[in-house]
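Below, each chain spelled out in residue letters.
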Amino acid sequence: MSNTDKVFAGSIPKIYDEYLVPMIFSVYAEDIAKRVAARSPAVLLEIAAGTGAVTRAVAAALPDGVRYVASDLNEPMLAVAAQRQANDDRITWRQADAMALPFGDTEFDVVCCQFGAMFFPDRVKAYGEIKRVLKPGGTFVFNVWDRIEDNVVTHEATIALGQMFPDDPPRFMVRTPHGYYDKAVIRTDLERAGFRDISIETRSETSRAPSPEYVALALCQGTPLRSEIEARDASKLQAATDLVAEALRSQHGSGAVDGKIQAIVIEARA
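Residues numbered from 1 in each chain as written. Predicted model: local features only at pLDDT ≥ 70, side-chain atom pairs only at ≥ 80, totals over all residues. Heavy atoms only, no water.

**Q** An account of helix H9 (residues 225-233) is requested, with residue identities and associated values reported.
**A** Restricting attention to buried positions, one finds in H9 the residues Leu 225, Arg 226, Glu 228 and Ile 229. Buried residues in H9, looked at end-on, bunch into an arc of 165°, giving them a common side. The secondary structure elements touched by the buried residues of H9 are helix H1 (12-38), helix H5 (152-164), helix H6 (172-175), helix H8 (212-221) and helix H10 (237-252). (Buried < 20%, exposed > 50% of the residue type's maximum accessible area, 1.4 Å probe, protein only. Helix = DSSP H or I, 4+ residues; strand = E, 2+ residues; numbered from the N terminus. Arc of directions from axis to C-beta. Contact = heavy atoms within 4.5 Å.)

**Q** So what about the packing of aromatic side chains? Which residues, and what values?
**A** The final tally for this structure, using the stated rule, is 14 aromatic pairs. Note on Tyr 28 and Trp 145: the rings are 5.5 Å apart at their centroids and 90° apart in plane angle, and the pair reads as edge-to-face. Taken together, the positions of Tyr 28 in helix H1 and Trp 145 in strand E5 (residues 134-145) put the pair 117 residues apart, joining distant regions of the chain. By relative accessible area, Tyr 28 is classed as buried at 0%. Taken together, the ring pairs connect Tyr 16, Phe 25, Tyr 28, Phe 115 and Trp 145 into an aromatic cluster. Over the ring of Tyr 180 we find Arg 123; its NZ or CZ atom is 3.8 Å from the centre of that ring. (Phe/Tyr/Trp six-rings, centres within 6.5 Å; stacked < 30°, edge-to-face > 60°. Lys NZ or Arg CZ within 6 Å of the ring centre and 35° of its normal.)

**Q** Outline unusual backbone geometry, supporting the account with residue identities and numerical values.
**A** In this structure, Ser 40 takes a positive phi of about 50° despite not being glycine. Tracing the chain through its elements places Ser 40 in the loop between H1 and strand E1 (43-47). Under the relative-accessibility criterion, Ser 40 is labelled exposed at 60%. A positive phi is found at Thr 106, a non-glycine position, where the angle reads about 45°. On the secondary structure map, Thr 106 appears in the loop between strand E3 (91-95) and strand E4 (108-114).

**Q** Explain the sheet that holds strand E6 (residues 196-209) to me, and be specific about the residues and the numbers.
**A** The strand order across the open sheet formed by seven strands is E3-E2-E1-E4-E5-E7-E6, and the pairing between neighbours is mixed. Two strands bound the open sheet, and with one partner strand each, they are E3 and E6. Strand after strand, the sheet turns through a mean of 20° between neighbouring axes, direction not considered. Relative to strand E7 (residues 257-269), E6 runs antiparallel, the two being bridged by twelve bridges. Bridge assignment links Arg 208 to a residue of E7, and that residue is Asp 258. Packing of H1 onto the sheet brings it into contact with E1, E4, E5, E6 and E7, and relative to E6 it is tilted by some 145°. (Pairing = 2+ DSSP bridges. Axes fitted to C-alpha atoms, helices over the stretch in contact; angles between N-to-C directions.)

Shown next, in the form of structure tokens:
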């Protein structure tokens, strides 16, 4: 993992929330919310809350009286999430590193995490921390992206950027968001951390965006892919965004863009 892969700062959080969340994250957030609500937690921890896509969905599915801690490594992302839900006194916002969770043992009924495990430097260690803060029999509910070839527009964007930078193509999307999809590896990592009753399933959905330009902006400027582009040539950020938009137009036309997205959803018991 590159040092920039976990950096969500500057204008990235705002673009991420306004563009990327409705395009690819919201539908999976609703799925996570249903799974969490089915467990009827009294005390819940969310890791890698980002700008709050899951937090909003889960909060809407839970009753009054629940204690909900939403955490993220990146404070700029969490600030956007907190602003969006400033009036919900069930939620406490907390900057936290999954590798060293600042919570007591056996504190939570459920821990959930949407598209965050791919960013953990040591997944077994992070899963061990999650198990530590779960009550015995508590549930860890999370998802990760499947391989990039099963996530159409992201795959197409990555190919297009490789044409602009053929000697050093930006590989953030392949390396990190879509780099942790082997179900056997996921299961082994969880078992090494002490989890049991592990269920793993593939879930396909459809991403929808109003235009190729929308998708290109979301991916090239609303994720750490932006940092990779700028590291190669900061003056080419808009040109790279335009190139991706043109590649998407050639595949999907100039109107609304629909594309297959695919994730892996995991539930495991402490």
